[in-house]
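So you can see what is in the structure, the chains are spelled out below.
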Amino acid sequence: MITRPDTPLPWLNYLGQDDLFGLCTNTGGGYTFWRDARLRRLTRYRYNDAPYDPVGRYLYVRDGTSVWNPGWRPTKVALDRYECRHGLGYTRLTAAKDGVEVQLLFFVPPGEDVELWRATVRNETDRVKELTLFSYLELCFYEALNDMTNFQRTYSIGEVEVEGGGIYHTTEYRERRDHYTLFGCTREIAGFDTSRDEFVGVHNGLHDAAVPFTGAARGSVAHGWNPIASHQLELRLGPEEEETFAFVLAYVHGAEPKFERSGAANKEPGRALLARYGRDGAVDEAFEALRAYWDGLLSALHVDCPDRHGTRMLSTWNQYQCVATLNLSRSASLYETGIGRGIGFRDSNQDILGVVHLAPERTRARILDLAATQLSDGRCFHQYQPLTKLGNSAIGSDFNDDPLWLVLSTCAYVKETGDSSILDERVGYSDRPGSAEPLLHHLETSVGFTVGHRGDRGLPLIGHADWNDCLNLNCFSTDPDESFQTAGDVEGSRAESVMIAGLFLYACRELAGLYRHLGRPDDAERLDRARAGMLAAVEEQAWDGEWYVRAFDARGAAVGSRSCEEGSIFVESQAWCILGGAGRENGRAVRALESVHEHLFTEHGVVLHQPAFTRYDPALGEITSYPPGYKENAGVFCHAATWIILAWCLLGEGDRALEYYLTTCPSAQEERIETYRSEPYVFAQMIAGPDAATPGEARNSWLTGTAAWSFLALAEGILGIRPDYEGLRIDPCIPCGWAGYSVTRRFRGATYEIAVSNPEGVCGGVRSLRVDGRELDAKVVPAARSGEQVRVEVVLGRGG
Ligand code: BGC
Ligand code: NOJ
């Protein structure tokens, strides 16, 4: 719950779960789109404006001559009460002024292409109140980039139709579009406007918009310029009386026939929606359906552990954020404009790791969509457009970590669901139209790509970049007008990545495990051999004495080595070499983590490298372009920091693991929110590091791989509940001081009530495991039948 509207930054929530999505801030700002924030944007937004977050879902309340907004913006008139509740799939603003309380509830009912705004207006006084309300949103011409740039055309194409309380945005409907936007009201209206110039005024802003301040709608019909949708409502409320009604924002497509009467859009589907939500109780029923949807989803996992932040994040908000990253990848947030980036290959494959337990069908479909953007030589389109599902050629491929993430997501899917039929699903390669190969073929192609693209040291070639998009070892850019991400000659280059080598170790072990599960030991051994070869290369080439080097640049010089003046130790290579199983027998894993603790751990989390780069270096690329302490230049990159938590867990260091977890955990930042600034309920991509001018300040919240990996760090690493082919593996690594914890986990349709106790005050080691009262020898709780309830009692202790 947010209790003041002037938060340190706009704090965001998402509406929608299927196709229609809305961004909604704590003052009602944001926009709505259908499936694709670039190609099907329904309402407008202006990024990076002053003030931030300048457009949204607004209601103006005119009470006598005073005009105010229940979300505070845009008039910013002081409210007597204000509260914003960002909930699961909904945002509710409640505000009061001069004895009038208004509540606005925004949500998208499951399975619908409709965003509802339920409004409840209450007269808290003992006198009659006569109020005039004006709704407001600004319409977008669907293709958001064109909408923001091509005014010589867009100022002349806008069209609307108005019928009763329904405002129909029909721009381009007469020609190539088969969809329109409806903004309607379920209550009788007293007027409307559809022209921004009329409603707002050419020389006004939304804070002093002409119509609400003069008090009367003008009935304007937009012909070009900027169409908006606004209703005027007259309310007369007796003492203590209240009234509830709703606004309906809908995406309507495929109406048959397309037109009714002489070129007018077929508005029948729109009328039906207004009639439907005008029925008593219909909006409340839809809201109930939304609650049931989220309760059902999040019932997949519930924890109760001694750390209140961990409990709160894992049971609710972290899972919720993971669903947002599955839905939107990195496309639309307050930092991603919905235009440049669609669904990222490495991003979405990692996102899947955090949601497969609660949305297995959707992750299955996503894995197949991602695989379809792989090329037959193993490379992958780095991003694809959600509406068309086609690879984005502006960014192309050659991020050489990309292919391997597909192995991780697929194995996670099979472990969670037991459904190995996905491996036989036929998916084409995007450069071979009409081709169709089993998904398993794609996984082999991925591994084969890394094997076939190694440099002089036998380590993987990096391409444009590996996971760290800003480590551009083949770019050598001196031209400010080109992108670090696409410039440079990757074909002829020799730069190698130790991070990809570690990821390869991990992926090979995963794929070998999958083959063993499938009863194909020969294939498993083949992968073991490939892994052994890479492991030897890592141990022979990449150990720097106290940590693993990060990479070798195009001239063969080490990056992330003691020999480097700046950037002499990096986090990613320690994390992935250790997670991939390097350094176990020779003690290097422990040594490398101690180096991380010594050089990279800070009160705000683990920074990406040290020392920060102070000069631009074309041989290293974008990483040296950020001011020290920010983003990839020695910021706390929360995503990478989570891998270290998992690495501590591998080494059995539960106290360290939780200590690290809490540094980046949003809920733990509430006490220092003025410094942190971002939402204290979702993980951020980056927290400024100690080299920055503003250490501890978070940026790029919501759409980040941090969500999935923080989930894994706590659920699988610390609490130690891991899906495996045969069942649920239980292997905790907790702080020694924890007396115990409990987890309710859905797994393949059965529900496991897991109680872990720690009588001896250890970090890990399962002393005994009982399933429904029966003692088991193994650490794996066998998969039960769907629908069953399973009671699991775990006692930790020495000798476990
Ligand atoms: C950012 C990276 C991001 C990349 C995407 C860079 O400017 O710093 O975090 O992955 O852009 O293209
Ligand atoms: C954010 C990008 O979405 C992700 O793909 C990348 O791995 C990280 N930044 C690190 O550069």
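In this numbering scheme, every chain counts its residues from 1 along its sequence in written order. The naming scheme follows written order: chains are lettered A onward, ligands numbered 1 onward. Given that the model is predicted, a residue must reach a pLDDT of at least 70 before its local features are reported, and side-chain atom pairs must reach 80 or more before they are shown or counted; all residues, however, enter totals for whole chains, interfaces and linings. Processing note: side-chain calculations cover all non-hydrogen atoms of the structure and skip hydrogens and water entirely.

Undergrad: I keep staring at the side chain of Asn-392 and nothing clicks. Help me out?
TA: Along the polypeptide, Asn-392 turns up in the loop between β22 (383-384) and α10 (402-417). What makes two residues a contact is simply this: any of their non-hydrogen atoms within 4.5 Å. Beyond its immediate sequence surroundings of up to four residues, Asn-392 is in contact with Gly-340, Phe-381, Gln-383 and Tyr-384. Every helix listed is a DSSP run of H or I at least four residues long, and every strand listed is a run of E at least two residues long, numbered separately from the N terminus.

Undergrad: Just to check I follow, could you spell out a nonpolar patch on the surface for this structure?
TA: Each patch is assembled from residues with relative accessible area greater than 30% and no salt bridge, linking like charges that lie within 9 Å and nonpolar side chains (Val, Leu, Ile, Met, Phe, Trp, Tyr) that lie within 5 Å. Under the convention used here, a 1.4 Å probe and the Shrake-Rupley method define accessible areas, while residue burial counts only the protein chains that appear. Salt bridges are identified by distance alone: a Lys or Arg side-chain nitrogen within 4 Å of an Asp or Glu carboxyl oxygen. A surface patch of nonpolar side chains, amounting to about 300 Å² of accessible area, comprises Phe-151, Tyr-155 and Trp-225. Among the structural elements, Tyr-155 can be located in the loop between α2 (151-154) and β12 (160-163).

Undergrad: How should unusual backbone geometry be read in this particular structure?
TA: The bulk of non-glycine residues show a negative phi, and the bulk of peptide bonds are trans. Pro-74 follows Arg-73 through a cis peptide bond whose omega is 0°. Tracing the backbone through its elements, the reader meets Pro-74 in the loop between β6 (66-68) and β7 (81-87). Cis geometry is adopted by the peptide bond preceding Pro-611, which originates at Gln-610 and carries an omega value of -20°. Here Pro-611 is to be found in the loop between β31 (609-610) and β32 (636-637). Even without a glycine there, the phi angle at Ser-329 is positive, about 50°. Note that Ser-329 resides in the loop between α7 (308-328) and β21 (343-344).

Undergrad: When you look at the site of ligand 1 in this model, what are you seeing that I'm missing?
TA: Summary of the distance rule: residues count as near a molecule or strand when at least one heavy atom falls within 4 Å of that molecule or strand. If you check the shell around ligand 1, you find Arg-341, Asp-469, Cys-470, Gln-485, Glu-622, Tyr-626, Lys-631, Glu-632, Phe-637 and Gln-685 and nothing else. Whenever two N or O atoms come within 3.5 Å, that pair is a polar contact, provided that in protein one can donate a hydrogen and the other can accept it, and provided that, for residues adjacent in sequence, both atoms are side-chain atoms. Take Glu-622: an N or O atom from its side chain is 2.4 Å from an oxygen atom of ligand 1. At 2.6 Å from an oxygen atom of ligand 1 is found a side-chain nitrogen or oxygen belonging to Tyr-626. In the complex, 79% of the free accessible area of ligand 1, which totals 310 Å², lies under the protein chains. Tallied by class, residues from the shell around ligand 1 come to 3 nonpolar, 2 polar and 5 charged. Each residue gets one label: Ala, Val, Leu, Ile, Met, Phe, Trp, Tyr, Cys and Pro are nonpolar, Asp, Glu, Lys and Arg are charged, and the others, such as Gly, are polar.

Undergrad: Would you mind going over the pairing of strand β33 (residues 684-687) with me for this structure?
TA: A regular strand places its side chains so that they alternate between the two faces of the sheet. Pairs of strands are assigned from DSSP output, requiring at least two bridges between the strands. Pairing analysis gives 2 bridges linking β32 to β33, with the strands arranged antiparallel. Note on β33: the bridge partner recorded for Phe-637 is Met-686. Sheet topology note: the β33/strand β34 (residues 698-701) ladder contains 3 bridges and is antiparallel. Of the residues in β34, the one forming a bridge with Ala-684 is Ser-701.

Undergrad: Where do I start with the pattern of salt bridges in this structure?
TA: Two side chains of opposite charge can pair, provided their charged atoms sit close to one another. Summed over all chains, the structure comprises 73 salt bridges. For Lys-97, the salt bridge identified is with Asp-98, shortest N-O distance 3.8 Å. Think of it in three bands: with a 1.4 Å probe and only protein chains considered, a residue is buried below 20% of the maximum accessible area for its type, exposed above 50%, and partly exposed in between. By relative accessible area, which is 37% here, Asp-98 ends up partly exposed. Among the salt bridges present, the one from Glu-336 reaches Arg-341, with a minimum N-O distance of 3.1 Å. Residue classification places Glu-336 among the buried residues on the basis of a relative accessible area of 15%. Connected through shared salt-bridge partners, Glu-161, Glu-163, Glu-260, Arg-261, Lys-267, Glu-268 and Arg-271 make up one network.

Undergrad: I would appreciate a short explanation of the packing of helix α15 (residues 588-599) against helix α16 (residues 638-650) in the present structure.
TA: Relative orientation and spacing of two packed helices are given, respectively, by the angle between their axes and the distance between those axes. Look at α15 against α16: their axes get within 11 Å of each other, and the N-to-C directions meet at 135°. As the angle between them shows, α15 and α16 are arranged oblique. Every pair of crossing elements has a handedness; the one defined by α15 and α16 is left-handed. Together, Leu-593, Glu-594, Val-596 and His-597 of α15 and Ile-644, Ala-647 and Trp-648 of α16 make up the contact between the two elements. Class assignment of the residues belonging to the contact of α15 with α16 gives a composition of 5 nonpolar, 1 polar and 1 charged. All axes are obtained by fitting lines to C-alpha atoms, using only the stretch in contact for helices, and the reported angles, taken between N-to-C directions, cover 0 to 180 degrees. Comment on the angle field: the value is read as roughly parallel under 35 degrees, roughly antiparallel over 145, roughly perpendicular from 65 to 115, and oblique elsewhere. When the near helix sits turned anticlockwise from the far one by under a right angle, the crossing is termed left-handed; a clockwise turn instead gives a right-handed crossing.

Undergrad: Please explain the sheet that holds strand β38 (residues 750-757) as it appears in this structure.
TA: Across a sheet, paired strands are connected by hydrogen bonds in the backbone, their directions being either parallel or antiparallel. Within the open sheet, the 6 strands sit side by side as β20-β37-β38-β42-β39-β40. Their pairing is mixed. Among the strands making up the open sheet, the edge pair consists of β20 (301-304) and β40 (774-776). Each adjacent strand pair in this sheet contributes to an overall mean axis angle of 20°, direction not counted.

Undergrad: Explain the site of ligand 2 to me, please; I cannot follow it from the model alone.
TA: In the vicinity of ligand 2, the residues found are Arg-330, Arg-341, Arg-346, Asp-347, Trp-467, Asn-468, Asp-469, Glu-632, Phe-637 and Gln-685. In this structure, Arg-341 approaches ligand 2 through a side-chain N or O atom, which is 2.8 Å from an oxygen atom. Side-chain polar atom of Arg-346 to an oxygen atom of ligand 2: 2.7 Å apart, as the coordinates give it. Coverage of ligand 2 by the protein chains reaches 94% of its 300 Å² of free accessible surface.

Undergrad: Help me out: how do you make sense of the packing of α10 against helix α12 (residues 498-517) in this one?
TA: Relative orientation of the contacting elements α10 and α12 amounts to 35°, with a least axis distance of 9 Å. Read as a crossing pair, α10 and α12 show a hand that is left-handed. Residues Leu-404, Trp-405, Val-407, Leu-408, Cys-411, Val-414 and Lys-415 of α10 pack against Met-499, Ile-500, Leu-503, Phe-504, Tyr-506, Ala-507, Glu-510, Leu-511 and Leu-514 of α12. Among the residues forming the contact of α10 with α12, the class breakdown is 14 nonpolar, no polar and 2 charged.

Undergrad: Help me out: how do you make sense of the sheet that holds strand β41 (residues 780-782) in this one?
TA: If you walk across this open sheet you meet the 3 strands as β35-β36-β41, and the pairing is antiparallel. Each edge of the open sheet is held by one strand with a lone partner, namely β35 (721-723) and β41. When strand polarity is set aside, the average angle formed by the axes of neighbouring strands in this sheet is 30°. Bridge count for strand β36 (residues 727-730) against β41 is 3 bridges, and the pairing is antiparallel. If you follow Arg-729 over to β41, its bridge partner there is Val-780.

Undergrad: Looking at this model, I keep getting lost on the pairing of β12. Mind explaining?
TA: Both β12 and strand β13 (residues 166-169) contribute to a ladder of 4 bridges, which runs antiparallel. From the neighbouring strand, Val-160 faces β13, where its bridge partner is His-169. The turn joining β12 and β13, which pair antiparallel and follow one another in sequence, is formed by 2 residues; a positive phi near 60° is taken by Gly-164.

Undergrad: Can you walk me through the environment of Asn-123 in this structure?
TA: Examined against the element boundaries, Asn-123 turns out to sit in strand β10 (residues 114-123). By relative accessible area, Asn-123 is classed as buried at 1%. Taking C-alpha positions, Asn-123 is 9.0 Å from Glu-243, a pair spaced 120 residues apart along the chain. Residues contacting Asn-123, with those up to four places away along its chain left out, are Gly-99, Val-128, Lys-129, Leu-237, Gly-238, Pro-239, Glu-240 and Glu-241. A polar contact of 3.0 Å, which involves the side chain of Asn-123, links it to the backbone oxygen of Gly-238.

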